[in-house]
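In case you want the letters, here they are:
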Amino acid sequence: QKPAKGSHSWKSPSNIALVKYWGKTTPQIPANPSISFTLNNCHTITTLTYTKQTTVSADFSFDVFLDGELKPGFAPKIEVFLKRIEIYMPFLKEYHFKIETSNSFPHSSGIASSASGMSALALCLMSMEREFVANMDDGLFLKKASFLARLGSGSACRSIEGPIVTWGTHKEIKNSSDFYGILYTEEVNDVFKNYQDTILLVDVGEKRVSSTVGHNLMNNHPFAEERFVQANSNLSKLRSIFKSGNLEKFIEVVESEALTLHAMMMTSMPYFILMKPNTLKIIEKVWEYRKETGSHLCFTLDAGANVHLLYPEAEKETVLQFIKNELVAYCKKGKYICDQIGFGARKL
Ligand code: PMV
């Protein structure tokens, strides 16, 4: 018996990829496997309220609110998402949905809200489905939530669980799948416990090139095949790095992945650059700092100009001092966000 109405809320985090997903085929199948740290503080909270309609509508019926404000501008993205998942959730058109969402970070901070936002919405829909589907165990619930989230935004499938998640088939990772993210359950050295991610906000505002356009430019990209081979090999390397705790090697893989991602953008046709002068200034400063102090601070980038600084918890105090003294000057309005690896989404 399907419910006449109800409501569910989920808090779902953002994530930062170490091996990057860049390139996909329909329907949201990654060209290479990726792995990410789930974040703890950067998150979206979504409440989904559903009311059964008297007749099944021809179109999806929903309103989206961000921080209490109606946002018709978000509708097309949600519409695409609902269309993609309809065959897996055939009851959607029987309901009217109110989607209320808010982010822990400012909307215009340049931090992508698609991973946290789409995973939160997918989880709300799963909670709704769970009300009338018998025998749905937690394993199946999380797997399908990740599967659906992937159809909203690829990287969103890595936000359901934590602290480390892989997505995409990889020959050495058991049960890895192109269809959903899985929790990384192999041995991880204690140095990665509470690993820190301080996000330096270099450029705020809308991305000039959407990740969908970027992914598509990997079709017919002259270096695509080599890149996909490299991503697989970097994931293999990370497996042994997680086990050994070799931070020098970790830095090498992570920074190379970030620069390769941006190199793919610079060498696609049309080409584009998402880094800003201050992104490069920060990278140089990080390299200098590492040379001078022997620190294990490193950087990674997503599809934008902001810099994620990754470092062990043991270095927290010294690195934060360095950020305050030397890097804040390169941040928009001096803004940065302190985060660390977290354990995935939570029902509210
Ligand atoms: O999930 P999308 O389609 O926005 O793509 C995200 C791509 C990167 O953030 C650049 C890399 C990744 O694996 O998260």
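Source: prediction; values computed, not measured. (Residues numbered from 1 in each chain as written. Predicted model: local features only at pLDDT ≥ 70, side-chain atom pairs only at ≥ 80, totals over all residues.)

What follows is about the domain arrangement of the chain. Along its sequence, the chain is carved into domain 1 (5-188) and domain 2 (194-340). Once you take the C-alpha centre of each, domain 1 and domain 2 turn out to be 24 Å apart. Taken together, the contact pairs 27 residues of domain 1 with 34 residues of domain 2. If you list the elements that add at least two residues to the side of domain 1 that touches domain 2, you get β1 (5-19) and β4 (34-52). Considering each element in turn, the side of domain 1 that touches domain 2 owes the most residues, 6 residues, to β4. (Domains from an automatic or database assignment. Contact = placed C-beta atoms within 7 Å. Helix = DSSP H or I, 4+ residues; strand = E, 2+ residues; numbered from the N terminus.)

In this model, helix α7 (residues 277-293) (17 residues) spans 24 Å end to end at C-alpha, consistent with the 24 Å of a helix rising 1.5 Å per residue. Of the surrounding elements, those touching the buried residues of α7 are β10 (196-200), β11 (298-301), β12 (307-311) and α8 (316-327). Of the residues trailing α7, G294 is marked for its positive phi of about 75°. (Expected span 1.5 Å × (residues − 1).)

Moving on: the sheet that holds β10. The strand order across the open sheet formed by 4 strands is β11-β12-β10-β13, and the pairing between neighbours is antiparallel. The two strands at the open ends of the sheet, each matched to only one other strand, are β11 and β13 (336-340). Between one strand axis and the next, the sheet turns through 25° on average, direction left out of account. Relative to β13, β10 runs antiparallel, the two being bridged by 5 bridges. (Pairing = 2+ DSSP bridges. Axes fitted to C-alpha atoms, helices over the stretch in contact; angles between N-to-C directions.)

This part is about the site of the ligand. The immediate surroundings of the ligand are formed by 15 residues, with A17, Y21, G154, S155 and S211 found nearest. Considering only residue class, the shell around the ligand consists of 6 nonpolar, 7 polar and 2 charged. (Near = placed C-beta within 6 Å. Nonpolar A, V, L, I, M, F, W, Y, C, P; charged D, E, K, R; others polar.)

With that out of the way, let us pick up the pairing of β11. What you see with β11 is no split at all: C298 and T300 on one side and F299 and L301 on the other are buried throughout. Bridging between β11 and β12 involves 4 bridges; their strand directions are antiparallel. By the bridge assignment, T300 is partnered in β12 with H308. In this antiparallel pair of consecutive strands, β11 and β12, the connection spans 5 residues. (Buried ≥ 20, exposed ≤ 12 C-beta atoms within 10 Å, placed from the backbone.)

Turning our eyes to something else, we now look at the confidence of the model for the chain. Across the chain, pLDDT averages 95, with 99% of residues at or above 70. For this predicted complex, the interface confidence reaches an ipTM of 0.99, while the overall pTM sits at 0.96. (pLDDT = per-residue confidence, 0-100.)

Our focus in this paragraph is the nonpolar core. Counting 94 residues, the largest nonpolar core has A122 and L200 as the members making the most contacts within it. Element by element, the count of residues in this core is highest for helix α2 (residues 114-130), at 10 residues. When sequence neighbours within four positions are dropped, the list of residues in contact with L200 reads I282, N306, V307, L309, L327, C331 and Y336. (Core = buried A, V, L, I, M, F, W, Y, C linked by C-beta atoms within 7 Å.)

The next subject is the packing of helix α1 (residues 75-85) against helix α3 (residues 138-152). Helix packing geometry: the angle between the two helix axes and the distance between the axes. The N-to-C vectors of α1 and α3 enclose an angle of 135°; their axes lie 8 Å apart at closest approach. Judged by the angle between their axes, α1 and α3 are oblique. Both α1 and α3 take part in a crossing whose hand is right-handed. Facing α1, whose interface residues are F81, R84 and I85, α3 presents L148, L151 and G152. Counted by class, the contact of α1 with α3 contains 4 nonpolar, 1 polar and 1 charged residues. (Parallel < 35°, antiparallel > 145°, perpendicular 65-115°, else oblique. Left-handed = near helix turned anticlockwise from the far one by under 90°.)

Time to look at unusual backbone geometry. Of note, the amide linkage connecting T26 to P27 takes the cis form, showing an omega dihedral of -10°. Tracing the backbone shows P27 in the loop between β2 (24-25) and β3 (29-30). Along the chain, M269 connects to P270 via a cis peptide bond; the corresponding omega equals 0°. One can find P270 in the loop between α6 (247-266) and α7. The phi dihedral of N175 is positive, around 65°, even though this residue is not glycine. With respect to the helices and strands, the residue N175 is situated in the loop between β8 (164-167) and β9 (181-183). Although it is not a glycine, K333 adopts a positive phi angle of roughly 55°. In this fold, K333 is placed in the loop between α8 and β13.

Further remarks concern the packing of α2 against α3. Across the interface, α2 lies against α3 with an axial gap of 8 Å and an inter-helix angle of 135°. Taken together, α2 and α3 sit at an angle that is classed as oblique. Classified by chirality, the crossing of α3 by α2 is right-handed. Of the residues in α3, those touching α2 at M118, S119, L121, A122, L123, L125, M126 and R130 are F141, K144, A145, L148, A149 and G152. Each residue belonging to the contact of α2 with α3 can be placed in one class, and the counts come to 10 nonpolar, 2 polar and 2 charged.

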